[in-house]
Amino acid sequence: MRSIFTLLIIATVSVGSIAQVDRTLVVEHYTNTLCSTCAARNGALFELLDDYPEVLHISYHPSSPYSNCVFNLHNVAENDDRTNYYGIYGGTPRVVLQGEVIGFQNPILNAGNIEAQLGKESNYMISISHEQTDADQVNVQVVVKLVGQQSAQSHQLYTIIAEKKIDYNAPNGEDEHHNVFRKVLLDQAISISTTGDSVVINTSYNIHSEWQDEELIVTAMI
């Protein structure tokens, strides 16, 4: 049985909680394997992220401005849906940091952007467990626990599958592709009103024939 890597994201900050946990910073990166500008600027992004190993990076490949990107064609709808969610469909490269769209700039993300978001806390802790039951099926359990004081409200739990590293000689000259989004696993509302309570969600997925199971990660955010 091969291992499926799991990354845990702690998100959704609320000021004034009494038992918060450190928040994991999330970089959502929008790129394309036919985009020459992406090839020119992505290297600086990855060098920056090497200096911040605690920051989680996920890359999406929307169908605009280039619709023949191999990673987009693998899952057109969900790559484009995430781009449209932030209202940035139509151009790459773009970066969203902790749910906030970074404006057009070069480099596409800088240390100042990251430093401004570090050291914050969250009311929620997310943990993920998994079991590969046979050659291509993985059972996943996502647990969201309220660890700080939070008024009752609904949040959206977004859980995805990605590949940590794909070797592919792309038309734009890039040959290594990192944390490539593959599929949405969960996208649903959750509500927890009492500190210490948890929501437990069980689901499963089949490993696609094009995926390298030893490179797969499951990650979640609120």
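Scoring rules and cut-offs
Within each chain, residue numbers correspond to sequence positions counted from 1 in written order. Residues qualify for local features only when their pLDDT is at least 70, as the model is predicted, and side-chain atom pairs are given and counted only at 80 or more; totals for whole chains, interfaces and linings, by contrast, use all residues. To obtain the side-chain values, all non-hydrogen atoms of the structure were included, while hydrogens and water were left out. A helix here means a DSSP run of H or I that spans at least four residues, while a strand means a run of E at least two residues long, and both kinds are numbered starting from the N terminus. It is over C-alpha atoms that the radius of gyration is taken, and the globule rule equals 2.2 Å times the number of residues to the power 0.38. Partly exposed residues are those whose accessible area sits between 20% and 50% of the maximum for their type, while under 20% is buried and over 50% is exposed, using a 1.4 Å probe and protein chains only. Any two residues having at least one pair of non-hydrogen atoms within 4.5 Å are treated as being in contact. Under the convention used here, a 1.4 Å probe and the Shrake-Rupley method define accessible areas, while residue burial counts only the protein chains that appear. What makes a salt bridge here is a side-chain nitrogen of Lys or Arg within 4 Å of a carboxyl oxygen of Asp or Glu, nothing more. For this analysis, a ring pair means two rings from Phe, Tyr or Trp (six-membered ring only for Trp) whose centres lie within 6.5 Å, classed as stacked if their planes differ by under 30 degrees, edge-to-face if by over 60, and tilted for the remaining angles. Whether a charge sits over a ring comes down to the Lys NZ or Arg CZ being within 6 Å of the ring centre and within 35 degrees of the ring normal. Working note: the arc is built from the helix axis to C-beta atom directions. Paired strands, in this sense, are two strands between which DSSP finds at least two bridges. The axes used here are C-alpha line fits, helices contributing only the stretch in contact, and every angle between their N-to-C directions lies in the interval 0 to 180 degrees.

Peer 1: Talk me through the overall build of the chain; I want residue IDs and the actual numbers.
Peer 2: Scanning the chain from terminus to terminus reveals four helices and 13 strands. In terms of overall dimensions, the chain is globule-like: its C-alpha atoms have a radius of gyration of 17 Å, near the 17 Å expected for 222 residues. Burial status across the chain gives 50% buried among its 222 residues. When contacts within the chain are restricted to residue pairs at least 6 apart in sequence, long-range pairs at least 24 apart make up 71% of them. Summed over all atoms, the accessible surface of the chain reaches about 10,100 Å², with 45% contributed by carbon and sulfur.

Peer 1: How would you sum up the pattern of salt bridges? Please name residues and give values.
Peer 2: In total, this model carries three salt bridges according to the counting rule given. Asp167 serves as the salt-bridge partner of Lys165, at 2.6 Å between the closest nitrogen and oxygen. Given the relative accessible area of 54%, Asp167 is considered exposed.

Peer 1: I'd like to hear about the packing of aromatic side chains, residue by residue, with values.
Peer 2: Applying the stated rule across the entire model yields six aromatic pairs. Ring geometry for Phe71 and Tyr168: centres 5.7 Å apart, planes at 70°, overall edge-to-face. You can see Phe71 sitting in helix H2 (residues 70-74) and its partner Tyr168 sitting in the loop between strand E10 (154-167) and strand E11 (176-191), a full 97 residues away along the chain. For Tyr168, a relative accessible area of 28% translates into the label partly exposed. Ring centres 6.3 Å apart and planes at 55° place the aromatic pair Tyr205 and Trp211 in the tilted group. Both residues of the pair, Tyr205 and Trp211, belong to the buried class. The residue whose ring lies beneath Arg82 is Tyr158, and the NZ or CZ to ring-centre distance is 3.9 Å.

Peer 1: Quick rundown of helix H3 (residues 76-85)? Include the residues and the values.
Peer 2: Because an α-helix completes one turn every 3.6 residues, residues spaced three or four positions apart along the sequence face the same direction. By the burial criterion, the buried members of H3 are Asn79, Asp80, Arg82 and Thr83. Along the axis of H3, the buried positions cluster into a sector of 160°, meaning they face one direction only. A positive phi of about 70° marks Gly87, the residue just after H3.

Peer 1: So what's going on with the sheet that holds strand E9 (residues 137-146)? Residues and values would help.
Peer 2: Read from one edge to the other, the open sheet built from three strands follows the order E8-E9-E12, with strand pairing classed as antiparallel. The open sheet has two free edges, formed respectively by strand E8 (124-132) and strand E12 (198-206), since each of these has just one partner strand. On average, each strand axis in the sheet is tilted by 15° relative to the strand beside it, whichever way the strands run. Strand direction decides the pairing type here: E9 and E12, joined by nine bridges, are antiparallel. Paired with Gln137 across the bridge in E12 is Asn206.

Peer 1: Can you tell me about the environment of Arg41, naming the residues and giving the values?
Peer 2: Relative to the elements of secondary structure, Arg41 occurs in helix H1 (residues 36-50). Residue class for Arg41 comes out partly exposed when judged on its relative accessible area of 28%. Sequence separation between Arg41 and Leu109 is 68 residues, and the spatial gap between their C-alpha atoms is 9.6 Å.

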